[in-house]
Amino acid sequence: MTNAILKNPATLELPIEGMTCASCVGRVERALKAVPGVQSASVNLATERASLQLAADAQASAVGSDAIAAIAKAGYAVPAQQIELAVEGMTCASCVGRVERALKAVPGVQGATVNLATERASITATGEVALPALLAAVAKAGYEAKPVQDATAAADQQSERQQQELQALKRDLLIATALALPVFVLEMGGHLIPGFHHWVGQWLPQQASWLLQFVLTTLALTGPGRRFFAKGIPALLRAAPDMNSLVAVGTSAAYLYSVVATFAPSWLPAGTVNVYFEAAAVIIALILLGRFMEAKAKGNTSAAIKRLVQLQAKTALVQRSGEWVEMAIAEVRQGDAVQVRPGERIPVDGVVTAGDSFVDESMISGEPVPVRKEVGAQVVGGTVNQKGALTLEATQVGAGTVLAQIIRMVEQAQGGKLPIQAVVDKVTMWFVPAVMIAAVLTFAVWLLVGPAPALSFALVNAVAVLIIACPCAMGLATPTSIMVATGRAAQLGVLLRKGEALQLLKDAKVVAVDKTGTLTEGKPALTDLVLAPSFERAAVLSAVAAVESQSEHPIAQAIVQAAKAEGLQIPQLAGFESVTGFGVRAEVEGARVEVGADRMMAQLGAEVTVFAEDAARPGAEGKTPLYAAINGQLAAMIAVADPIKPTTQAAIDGLHAMGLKVAMITGDNRRTGEAIARQLGIDEVVAEVLPDGKVDAVKRLRAEHGALAYVGDGINDAPALAEADVGVAIGTGTDIAIESADVVLMGGDMRGVVTAIGLSRATMRNIHQNLFWAFAYNVALIPVAAGLLYPFYGTLLSPVFAAGAMAMSSVFVLGNALRLKRFLA
C-alpha cells in the first residue's frame with residue numbers, strides 16, 4: 001500500500017509539511033533520492049510538494065511507502081486527510097472487505113474502513129488523493145460510491161436513499177410473494193393438505209402445472225429477483241463472490257434443473273425428473289422479506305443522527321443593512337447579529353447582546369431545567385429559546401457550532417471499527433468462497449454416495465448450503481450495535497469521539513479523576529458564614545465583601561460574588577490596606593473592618609476559640625477558615641472552598657457499584673485532596689502533582705490495577721487524557737482537554753462516566769450475542785443443510801426453510817442491536 005499520489009505511470013507527487021528554507025528542501029531531496037526505485041526527486045518549497053520520477057521497474061506502492069518513511073526520518077511529514085464516501089450496493093460482510101481492499105489499493109490511501117450499517121467508507125490518505133480514483137476503485141469492485149457532503153445534506157441523502165430502497169424492496173417483495181405463492185401451493189400443497197394433489201390434477205395435469213410454475217418462477221427471477229443476478233453474477237465472474245452470488249447460484253441451479261425436467265426430461269437419469277420451481281421462487285420472496293425487514297431496522301439504527309440533524313435550525317433572522325432578514329442558515333456569517341424569537345431554536349452559537357430569556361439546553365447538558373440567558377451569556381445552536389426575545393452575535397456558524405461537532409463526533413464513532421471486528425473481517429474474507437466449495441462438495445458427495453434419486457438429493461442439498469450460509473448477519477453484528485450505542489450515548493450526553501472507546505471502557509479496572517472542575521465546581525464559593533452573637537448576616541457579608549472587592553484573590557472574589565448573589569449592595573470603603581501574611585483591612589461606612597487568618601484576630605485581641613467547633617468542620621473538609629472583625633470585635637467565621645458538585649457522590653457510588661477502583665489525581669495540596677477523598681469515599685489520592693506527574697500516576701495505577709480511564713477537564717489534564725487507555729473529558733472544560741479525549745461528557749456531570757462504562761458493557765454483551773448468533777448459526781446449520789442428519793434421522797433442510805432461516809438471522813441481529821436504544825443510565 002502506498003500513501004503517494006500517482007500522477008502517471010512514472011511519477012509520484014507528495015505534499016510535505018515542516019519545510020522552512022532551502023536547506024530543508026535539500027535535505028528532503030537527498031532523502032528521497034536515496035529511496036530504492038526513485039530516479040530523481042524535485043522538491044518545491046513554495047508549493048510544499050515533492051515530485052518523484054520512478055524507475056521503469058519500480059512499484060508505486062512500495063516506493064510511496066518508502067518515500068514517506070524517508071521524509072519522516074529527515075524530520076518532516078506528509079500530511080494526512082480524511083475522506084468520507086457513501087457506498088451503495090453492499091449487502092454483506094464480504095462486500096465490506098472487498099470495498100476496503102479496493103480503496104486501500106489506491107495510491108495515496110493510508111487506511112480505509114467500511115461500515116455496512118452506515119454504508120460509509122472512511123479513508124485516511126496521505127496527500128491529495130484524487131476523488132475520481134477512489135470512486136473508480138469502488139466501481140471496479142462492483143459498487144457505487146459518492147462523496148459525503150455536510151452532515152445535514154448527508155443525513156437527508158441517506159434518509160432519502162433508504163426510503164427509496166425500502167419502497168423498492170416493498171414493491172419487489174409484494175410481486176415476488178404474489179408470484180411465489182401459487183408455485184408453492186401447486187408443488188407443496190399435497191405435503192400440507194391430504195388429497196390436494198389429486199384434486200388439482202383433476203383440472204390441471206402435471207405438465208400443465210409445471211409449465212405454469214415455470215412461467216411464474218421465470219417472472220419472479222427476472223423481475224424482483226433480478227437484483228441478485230445483476231450484482232451476484234458480475235461478482236462471481238470477478239472471482240469475488242458475495243451473498244448475491246450465493247442466492248443467484250442457488251436459485252439458478254434449482255431453476256435450471258426444473259427447466260430441464262419440464263422441457264427435456266430425457267436428459268435426466270430415471271427417477272430424478274422433479275421440479276424445484278417452488279424453491280427458486282420462494283427463496284427470492286423470503287430473502288426479499290429479510291432484506292425489507294433489515295432495511296427497516298437499519299433505518300432505525302441511524303435515527304440518532306437524524307434526530308441530531310433535526311435539531312439544527314433551517315433559517316435565521318439576521319440583520320443586514322439595518323433590516324432584519326430571514327435567510328438560510330448556510331448564509332449566516334460569523335459576527336452577524338441574529339434575532340431569536342420566543343419558542344424558536346437558536347440557529348447558531350453566539351453571545352447574547354440584548355434581551356433576557358430562559359433557554360432549554362437539555363440537548364447539551366441533559367438537564368431539563370431551562371437556563372437563564374442575559375447580556376453576555378453564551379448560547380448554543382440547536383437549543384430552544386423559551387419566552388423572551390434574544391439578540392445574539394454569531395460566534396460559530398456551520399461546521400464550527402457545538403451541534404455540528406456533536407454530529408461529526410457521532411458519525412465518526414458510528415463509522416469506526418472495534419478491535420473485535422478484526423476477527424470478523426478475517427473470517428468473512430474467506431467465508432463466501434468456503435461456502436461455495438462446501439456446496440460443490442455437498443453436491444459431489446450426494447451424487448456419488450447418495451440414495452436414489454442421487455442427482456435430485458445432490459441439487460437440493462447444495463442449494464440449501466448456498467442459501468443458508470449468506471454472511472449478512474456477520475457483517476451487521478458489530479456495526480449495528482455501534483451505531484445504536486453511540487446514538488443512545490449522544491442522547492444521554494455522552495459523546496464517543498472514537499468508536500474503540502466502546503470496547504475499551506468495558507475493560508477499565510480503575511477510574512482516575514482530576515479534582516478541580518471534575519469532582520468540584522472548579523471555582524471557589526462561599527460555603528460557610530458563622531456569625532457571632534449580635535451580628536446580622538447581611539451587614540457582615542456586605543462589609544466583608546466591600547473590603548474584599550479590592551482584592552483579585554479567588555477567595556476574595558468568591559465572597560464578593562456571594563454578596564451579589566444575595567442581592568446586597570457593596571458599600572464604599574476607604575483606607576484599604578493589605579497586611580502580608582495576615583489579611584486585609586479598611587473603613588466601611590465609618591466602621592473598621594478586618595478580614596484575615598486567626599493570627600490577625602490574635603493581634604486585635606479577638607479570641608477565635610468561640611468558633612472552634614464551627615472551624616473544625618471546614619478544616620476537616622480541607623477548607624481554610626477566615627475571620628472577620630468589625631471595630632475590633634470578632635464578627636464572623638468565613639470559609640471559602642471549591643464546592644463538590646451535587647452529582648459527584650452519586651457518580652463515585654455508581655463506579656464503586658460497578659466494581660471499579662476510584663483514584664483522585666490532583667495538583668492541589670494533600671490535606672485538601674484527602675479531605676475530599678474521605679468525604680466522597682475515593683479509594684486512593686495522588687496529590688500535589690504537575691501535568692507530567694499526572695502521566696506518571698496514570699502509568700503507575702495502570703500497572704497496579706489494569707486498564708485505566710482518566711476523567712479531567714483542564715489543559716493540565718490533556719497529557720493524562722492522552723496517556724490513559726480511555727480519556728474522558730468533561731464537556732464544560734477546555735478545548736485542548738476535549739481534543740485529547742476519547743469520550744466527551746457534554747455536561748459537567750460525572751455520572752456520565754457511569755453511563756459511558758455501563759453502555760460499553762451493554763454494547764459489548766450485545767455484540768458478543770450477535771457474533772455468537774451469526775457464527776454459531778452458520779457453523780450449526782451448514783452441516784444440516786448439507787444433509788449431515790439424513791443418515792441418522794432421515795432429515796433434510798429444504799432450501800425454502802434455509803432461505804427463511806438466513807433472512808431471520810439478519811433480522812435477529814438487527815433486532816438485538818436495537819435493544820440498546822432502551823439502555824438507561
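None of these values were measured; they are calculated from a predicted model.

## Here we look at the overall build of the protein chain
Across its full length, the protein chain carries 30 helices and 30 strands. In the protein chain, buried positions account for 53% of the 825 residues. Long-range contacts, defined here as pairs at least 24 residues apart, represent 68% of the contacts in the protein chain between residues at least 6 apart. Summing over all exposed atoms, the protein chain offers an accessible surface of approximately 35,500 Å²; the carbon and sulfur share of this is 58%.

## A word on the nonpolar core
In this structure, M90, L103, I123 and I287 are the most contacted members of the largest nonpolar core, which totals 93 residues. Per-element tally for this core: the top contributor is helix α10 (residues 277–301), with 12 residues. Setting aside chain neighbours within four positions, we find I123 in contact with Q81, Q82, I83, L85, L103, V109, G111, A112 and L134.

## Considerations on the pattern of salt bridges
Where charged atoms of side chains with opposite charge meet at close range, the side chains can pair. What the rule picks out here adds up to 21 salt bridges. The closest approach of N and O atoms between E84 and R120, which form a salt bridge, is 3.8 Å. With a gap of 36 residues between them, E84 in strand β5 (residues 80–88) and R120 in strand β7 (residues 120–126) connect regions that are remote in the sequence. Residue E84 is classed as partly exposed on the basis of its relative accessible area, which comes to 29%. Under the relative-accessibility criterion, R120 is labelled buried at 11%. With its nearest N and O atoms 3.0 Å apart, the salt bridge here joins R700 to E704. Of this pair, R700 and E704 are both found in helix α25 (residues 691–705), four residues apart, which corresponds to roughly one turn of the helix.

## Considering the sheet that holds strand β17 (residues 390–396)
What the six strands build is an open sheet, ordered β10-β9-β11-β17-β12-β15; its pairing is antiparallel. Every interior strand has two partners, whereas the edge strands, β10 (323–328) and β15 (378–379), have only one. Both strand β12 (residues 349–355) and β17 contribute to a ladder of six bridges, which runs antiparallel. Along β17, the bridge assignment pairs V351 with E393.

## Quick look at the environment of V610
Take V610: it is sitting in the loop between α21 (598–604) and α22 (612–620). Judged by relative accessible area, which is 54%, V610 ranks as exposed.

## Notes on the side chain of T262
Structurally, T262 can be placed in helix α9 (residues 243–263). By relative accessible area, T262 is classed as buried at 4%. Apart from the residues lying within four places of it in its own chain, the contact partners of T262 are Q207, W210, L211, V275 and F277.

## A few points about the pairing of strand β4 (residues 49–54)
Side-chain positions along a regular strand alternate between the two faces of the sheet. Note that strand β2 (residues 11–15) and β4 share five bridges and pair antiparallel. Each bridged residue has a counterpart across the sheet, and for E13 the counterpart in β4 is S51. As defined by bridge partners, strand β3 (residues 38–44) adjoins β4 across six bridges and the pair is classed as antiparallel. Considered in β4, the bridge of S40 is made with Q53.

## Some words on the packing of helix α8 (residues 226–237) against α9
The interhelical angle for the contact between α8 and α9, taken along N-to-C directions, is 105°, at an axis separation of 7 Å. By the criterion of interaxial angle, the relationship of α8 to α9 is roughly perpendicular. For the pair formed by α8 and α9, the contact residues are F228, F229, K231, G232, I233, A235 and L236 on the first element and N244, S245, V247, A248, V249, T251 and S252 on the second. Per-class residue counts for the contact of α8 with α9 are eight nonpolar, five polar and one charged.

## Overview of unusual backbone geometry
At the junction of A452 and P453, the peptide bond is cis and its omega measures out at -5° in the coordinates. Of note, S321 is a non-glycine position whose phi angle comes to about 55°, a positive value. Position of S321 among the secondary structure elements: in the loop between β9 (315–320) and β10. Looking at S321, the relative accessible area reads 81%, which means it is exposed.

## Section: the packing of aromatic side chains
Applying the stated criterion to the full structure yields 11 aromatic pairs. Where F214 meets Y255, the ring centres are 6.2 Å apart and the plane angle is 15°; that geometry is what we call stacked. With F214 in helix α7 (residues 206–222) and Y255 in helix α9, this pair connects stretches of sequence that are 41 residues apart. Judged by centre distance (5.5 Å) and plane angle (25°), the rings of W446 and F457 are stacked. Remark: F457 occurs in helix α15 (residues 454–468) and W446 occurs in helix α14 (residues 421–449); sequence separation between them is 11 residues. Members of the aromatic cluster, each reached through a chain of ring pairs, are F214, Y255, F263 and F277. One residue, R599, lies across the ring of F582, its end atom 5.9 Å from the ring centre.

## Some points on the UniProt feature "transmembrane region" (unreviewed entry) in the protein chain
Listed under "transmembrane region" (unreviewed entry) in the UniProt record, and renumbered for this structure, are residues 173–196, 208–225, 246–267, 273–292, 427–449, 455–478, 771–790 and 796–818. For residues 208–225, helix accounts for 83% and strand for 0%, while the C-alpha atoms at its two ends are 24 Å apart. The span residues 771–790 is 85% helical and 0% strand by assignment, and the distance between its end C-alpha atoms comes to 28 Å.

## Let's talk about the environment of T755
Mapped onto the elements of the fold, T755 is located in helix α28 (residues 751–786). The spatial distance from the C-alpha of T755 to the C-alpha of L655 is 9.7 Å, given a sequence separation of 100 residues.

## Looking at a nonpolar patch on the surface
A surface patch of nonpolar side chains, about 420 Å² in accessible area, is lined by V445, L447, L448 and V449. Relative to the assigned elements, V445 resides in helix α14. By relative accessible area, which is 47% here, V445 ends up partly exposed.

## Structural notes on the sheet that holds strand β29 (residues 726–730)
Read across the sheet, seven strands follow the order β18-β30-β29-β28-β19-β26-β27 without closing on themselves; strand pairing throughout is mixed. Looking at the sheet topology across the chains shown, the edges are occupied by β18 (494–496) and β27 (684–686). Across the sheet, the axes of successive neighbouring strands diverge by a mean angle of 20°, strand direction being ignored. In terms of strand pairing, strand β19 (residues 510–513) meets strand β26 (residues 661–665) through four bridges, oriented parallel. Counterpart to V511 in the pairing with β26 is V662. Running over the sheet, helix α24 (residues 670–680) touches β26 and β27 and is turned about 160° from β27.

## Quick word on the packing of α15 against α28
In contact at an axis separation of 8 Å, α15 and α28 are set at 165° when each is read in the N-to-C sense. Relative to α28, the element α15 lies roughly antiparallel. The element α15 and its partner α28 pack so that their crossing is right-handed. Residues N461, A464, V465 and I468 of α15 pack against Y777, N778, L781, I782, A785 and A786 of α28. Counted by class, the contact of α15 with α28 contains eight nonpolar, two polar and no charged residues.

## Section: helix α4 (residues 131–140)
The set of residues buried in α4 consists of L134, A137 and V138. Buried residues in α4, looked at end-on, bunch into an arc of 95°, giving them a common side. Facing away from the buried side of α4 by over 90 degrees, the exposed positions are P132 and K140.

Conventions used here
- Residues numbered from 1 in each chain as written.
- Predicted model: local features only at pLDDT ≥ 70, side-chain atom pairs only at ≥ 80, totals over all residues.
- Heavy atoms only, no water.
- Helix = DSSP H or I, 4+ residues; strand = E, 2+ residues; numbered from the N terminus.
- Buried < 20%, exposed > 50% of the residue type's maximum accessible area, 1.4 Å probe, protein only.
- Contact = heavy atoms within 4.5 Å.
- Areas by Shrake-Rupley, 256 points an atom, 1.4 Å probe, with all protein chains shown as cover.
- Core = buried A, V, L, I, M, F, W, Y, C linked by side-chain atoms within 4.5 Å.
- Salt bridge = Lys/Arg side-chain N within 4 Å of Asp/Glu carboxyl O.
- Pairing = 2+ DSSP bridges.
- Axes fitted to C-alpha atoms, helices over the stretch in contact; angles between N-to-C directions.
- Parallel < 35°, antiparallel > 145°, perpendicular 65-115°, else oblique.
- Nonpolar A, V, L, I, M, F, W, Y, C, P; charged D, E, K, R; others polar.
- Phe/Tyr/Trp six-rings, centres within 6.5 Å; stacked < 30°, edge-to-face > 60°.
- Lys NZ or Arg CZ within 6 Å of the ring centre and 35° of its normal.
- UniProt positions renumbered as here; feature names shortened; annotations may be inferred.
- Patch = residues over 30% accessible without salt bridge, like charges linked within 9 Å, V, L, I, M, F, W, Y side chains within 5 Å.
- Left-handed = near helix turned anticlockwise from the far one by under 90°.
- Arc of directions from axis to C-beta.

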